[in-house]
Amino acid sequence: VTSRQPLAVALLHHPVRDRNGARVTTAVTNLDLHDIARTARTYGVDRYYVVTPVAEQQRLVETIVAHWREGYGASANPDRGEALKLIEVVADLDAALAHWQACSGAEPLPVLTGARCRDGLDFAGCRRLLHERPLLLCFGTGWGLAPELFTQGWPVLEAIDGGSDYNHLPVRAAAAIILDRLLGVT
Ligand code: SAM
């Protein structure tokens, strides 16, 4: 059995869709930082890229992360700091890919996620891919990743199907379910 290649996750705040399908930039939320970092750390994910082109938002993320990594929060709750250490703030997906390539030592492949993909890469296929090269698992905010990302020839992971007529998972839940299917020990 070959060991897997490194895996990183990216949470994109741009380019994403709004409720009308327009291409927008969303605001970073504190919950997404903490919860996805903890999930990533639990499953042994190597990096968590928070992608936003807005300088003020980048500074906000850096401030939150520094508080828990080095400030008062680091001694008050070291577990939180350990998870948040995975966070890297970048302006766009290209910067995340460049950084991830430098860290992982090989060209990473982005894998997109979305609630509507029925005939995408299945989870077994994605686990196989992860034994071949580093992956960057991309999650959306707002109403999901913008259409332009789906025309790059990158694989799209099959959507999680809860078996009901309602499919609006919070991104934090989607990330946890997907990481469990890819990395969880059963
Ligand atoms: N405001 C929402 C929240 O509370 O998180 C953001 C929703 S955002 C569109 C949800 C993101 O989670 C998607 O872009 C995708 O990355 C992921 N996601 C949601 N439902 C999914 C599903 N059924 N299968 C795979 N990924 C899903």
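Described below are features of the structure shown in this document. (Residues numbered from 1 in each chain as written. Predicted model: local features only at pLDDT ≥ 70, side-chain atom pairs only at ≥ 80, totals over all residues. Heavy atoms only, no water.)

**Looking at helix H2 (residues 55–69)**
With 15 residues, H2 extends 21 Å between its outermost C-alpha atoms, agreeing within 8% with the 21 Å of an ideal straight helix rising 1.5 Å per residue. Where H2 is concerned, the buried positions are Gln57, Val61, Ile64, Val65 and Trp68. Seen from one end, H2 has its buried residues packed into an arc of 95°, which puts them on one side. Counted as exposed and oriented over 90 degrees from the buried face of H2: Glu56, Arg59 and Thr63. (Helix = DSSP H or I, 4+ residues; strand = E, 2+ residues; numbered from the N terminus. Expected span 1.5 Å × (residues − 1). Buried < 20%, exposed > 50% of the residue type's maximum accessible area, 1.4 Å probe, protein only. Arc of directions from axis to C-beta.)

**Notes on the pairing of strand S1 (residues 7–12)**
For S1, a buried count of 6 out of 6 residues is recorded, marking the element as mostly surrounded by other parts of the structure. Judged by which residues are buried, S1 turns out to be covered on both faces: Leu7, Val9 and Leu11 on one side and Ala8, Ala10 and Leu12 on the other are all buried. Bridge count for S1 against strand S7 (residues 135–140) is 6 bridges, and the pairing is parallel. Bridge pairing in S7 places Leu7 opposite Leu135. (Pairing = 2+ DSSP bridges.)

**Side note on unusual backbone geometry**
Cis geometry is adopted by the peptide bond preceding Pro15, which originates at His14 and carries an omega value of -5°. Locating Pro15 in the fold gives a position in the loop between S1 and strand S2 (16–17).

**A few points about the pattern of salt bridges**
Under the defined criterion, the tally for this structure stands at 5 salt bridges. For Arg23, the salt bridge is made with Glu148, and the minimal N-O distance between the two is 2.5 Å. Of this pair, Arg23 sits in strand S3 (residues 23–24) while Glu148 is found in the loop between S7 and helix H7 (171–183), placing the two residues 125 residues apart along the sequence. For Glu148, a relative accessible area of 32% gives the class partly exposed. Between Arg172 and Asp32 there is a salt bridge, with the nearest N and O atoms lying 2.6 Å from each other. Of this pair, Arg172 sits in helix H7 while Asp32 is found in helix H1 (residues 30–42), placing the two residues 140 residues apart along the sequence. Under the relative-accessibility criterion, Arg172 is labelled partly exposed at 25%. (Salt bridge = Lys/Arg side-chain N within 4 Å of Asp/Glu carboxyl O.)

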